[in-house]
Amino acid sequence: MNYEITFIVSPDLPTEKVEELTAKVAKIIEDLKGTVKTIQQLGKKRFAYPINKLREGSYVYIELSGDGETVNAVESFFKFNDSIIRFLTVKVEKKKVIAKPTVKAESQVEATEVEKLQQATEVKQNEPATEQSPLT
């Protein structure tokens, strides 16, 4: 299974400590036979509202593949680490690929729709106008 994990670290932590913390998370994943696909440090960002009286935090994004046991171990590491403010784990499903119609097919569809609209307006123009009183 593929997962995405985003966690927020306290802004007071220096970048070396954030990298160290990220390396520990990667080690936990690899120890449990998971694989880390990407790690991105997104930097400090301002929160929409205060969290634990903090107005900003350093964001880290990780893509990994592994089983539920791997994710549970990482989440328990986050729960017991005081410098991590929040975290979110999302299970990534395989994306369905939808085939796009070719340009020729699209133009044919548009042409038939235009013809139908023209026919509908011709029918309305040829019909005699009937007037109804508003009281009926």
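The structure this text deals with has already been given above.
Everything numeric here is computed off the predicted structure, so don't read it as measured data. (Residues numbered from 1 in each chain as written. Predicted model: local features only at pLDDT ≥ 70, side-chain atom pairs only at ≥ 80, totals over all residues. Heavy atoms only, no water.)

Q: Can you help me understand unusual backbone geometry in this one?
A: The phi dihedral of K33 is positive, around 60°, even though this residue is not glycine. On the secondary structure map, K33 appears in the loop between helix 1 (15-31) and strand 2 (35-51). K33 gets classed as exposed once you look at its relative accessible area, which sits at 79%. With a phi close to 65°, K53 is a non-glycine residue in the positive phi region. Relative accessible area serves as the criterion here: at 82%, K53 is assigned to the exposed category. (Helix = DSSP H or I, 4+ residues; strand = E, 2+ residues; numbered from the N terminus. Buried < 20%, exposed > 50% of the residue type's maximum accessible area, 1.4 Å probe, protein only.)

Q: Which parts of the structure should I look at to understand the pattern of salt bridges?
A: Tallied over the entire structure, the rule returns one salt bridge. K27 is the salt-bridge partner of D31, the closest N and O atoms lying 3.1 Å from each other. One end of the pair, D31, and the other, K27, are both in helix 1, four residues apart, so they sit about a helical turn from each other. Since its relative accessible area comes to 52%, D31 is described here as exposed. (Salt bridge = Lys/Arg side-chain N within 4 Å of Asp/Glu carboxyl O.)

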